[in-house]
Amino acid sequence: HDNLTLWDKLAASCPEAPEGERIKMQKLANAIVLTSQGIPFLHGGQDFARTKYGEDNSYQSPDRINRMDWPRKVRYREIFDYTQGLISLRRAHPAFRLQSASEIQAKLTFLPMPVPNMVGYFLGPHAGGDPWGLIVVILNANPKPVPVRLCPGRWGTVVDDSRAALEPFGEVLEQIVVVAGRSCRILVDLNSISDV
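Residues numbered from 1 in each chain as written. Predicted model: local features only at pLDDT ≥ 70, side-chain atom pairs only at ≥ 80, totals over all residues. Heavy atoms only, no water.

Student: Explain the pairing of strand β5 (residues 155-159) here, please?
Tutor: Consecutive side chains along a regular strand alternate between the two faces of the sheet. The buried fraction of β5 amounts to 5 of the 5 residues, a majority that puts the element mostly inside the structure. For β5 and strand β8 (residues 183-189), the ladder comprises 4 bridges, and the chain directions are antiparallel. Among the inter-strand pairings, Gly156 is bridged to a residue of β8, identified as Val188. Where β5 and strand β6 (residues 170-171) come together, 2 bridges link them in antiparallel fashion. The residue of β6 that forms the bridge with Gly156 is Glu171. (Buried < 20%, exposed > 50% of the residue type's maximum accessible area, 1.4 Å probe, protein only. Helix = DSSP H or I, 4+ residues; strand = E, 2+ residues; numbered from the N terminus. Pairing = 2+ DSSP bridges.)

Okay, here's the thing in structure tokens:
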């Protein structure tokens, strides 16, 4: 009951943003949480844009404010499916669940990004015993797409602005990958996949 839901916070902090942009922001925020090291926390209903209609302290509010509005799961299925894919990816790959600060320091390397409001990092080699030898995560909070140069490798996309999968669904043919505005892009070096 404390504080705004993420959906309401986005509406309050970006009142001029159309719903489509807020959907992108919600998906990006969920991607940030679910690809970060440590224990992830999602507020109930965050996977389908839960709202408390702008009520930030709903302790004494009625059920119409505090309830889970399940029809939103249908309306915002895009966010739900994307979040579900990210959860599956996190569960399947120990690189996103490293067990100690020293392991994180040894296996996570931040990358220089071409513009502000972006974060990028490598996980590997075989972080946490992951069969994916080298993973790159790029987060773009800018509204516009940004090209990012990758190091040499055969890169396959597993997360982009529209889906999160357990298997690569597209190969980057050049060393430049375009990260859509307000989105996450996760790639794996296809040559580094092993049966570890």
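Student: Just checking my understanding: could you explain the environment of His43 for this structure?
Tutor: Here His43 is to be found in the loop between α2 (19-35) and α3 (63-66). The sequence separation of His43 and Asp63 amounts to 20 residues, and the corresponding C-alpha distance is 17 Å. Look past the residues within four positions of His43 in its chain and what remains in contact with it is Thr5 and Arg50. (Contact = heavy atoms within 4.5 Å.)

Student: Is there a simple way to explain helix α1 (residues 6-13) in this structure?
Tutor: Side chains three or four residues apart in an α-helix point the same way, a direct result of the helix having 3.6 residues per turn. If you check which residues of α1 are buried, you get Trp7, Asp8 and Leu10. Seen end-on, α1 carries its buried residues on one side only, within an arc spanning 160°. (Arc of directions from axis to C-beta.)

Student: Whenever I open this one, the nonpolar core confuses me. Can you help?
Tutor: A general tendency of soluble globular proteins is for nonpolar side chains to be buried together. Counting residues in hydrophobic clusters, the biggest one holds 24 residues, and the most contacted among them are Leu123, Ile135, Val137, Val159, Cys184 and Ile186. Mapped onto this core, the elements with two or more residues apiece are α2, α5 (77-92), β2 (118-123), β3 (135-140), β5 and β8. Met113, Leu150, Trp155 and Val172 belong to the second-largest nonpolar core, a separate cluster that totals 13 residues. (Core = buried A, V, L, I, M, F, W, Y, C linked by side-chain atoms within 4.5 Å.)

Student: Please explain the packing of α2 against α5 as it appears in this structure.
Tutor: Geometry of a packed helix pair, given as the angle between the helix axes and the separation of the axes. Relative to each other, α2 and α5 sit at 15°, their axes nearing to 10 Å. As the angle between them shows, α2 and α5 are arranged roughly parallel. Between α2 and α5 lies a crossing of right-handed hand. Contact with α2, carried on its side by Ile23, Gln26, Lys27, Asn30, Ala31, Val33, Leu34 and Thr35, involves Glu78, Ile79, Tyr82, Thr83, Leu86, Ile87 and Arg90 of α5 and no other residues of that element. For the contact of α2 with α5, the residue count by class is 8 nonpolar, 4 polar and 3 charged. (Axes fitted to C-alpha atoms, helices over the stretch in contact; angles between N-to-C directions. Parallel < 35°, antiparallel > 145°, perpendicular 65-115°, else oblique. Left-handed = near helix turned anticlockwise from the far one by under 90°. Nonpolar A, V, L, I, M, F, W, Y, C, P; charged D, E, K, R; others polar.)

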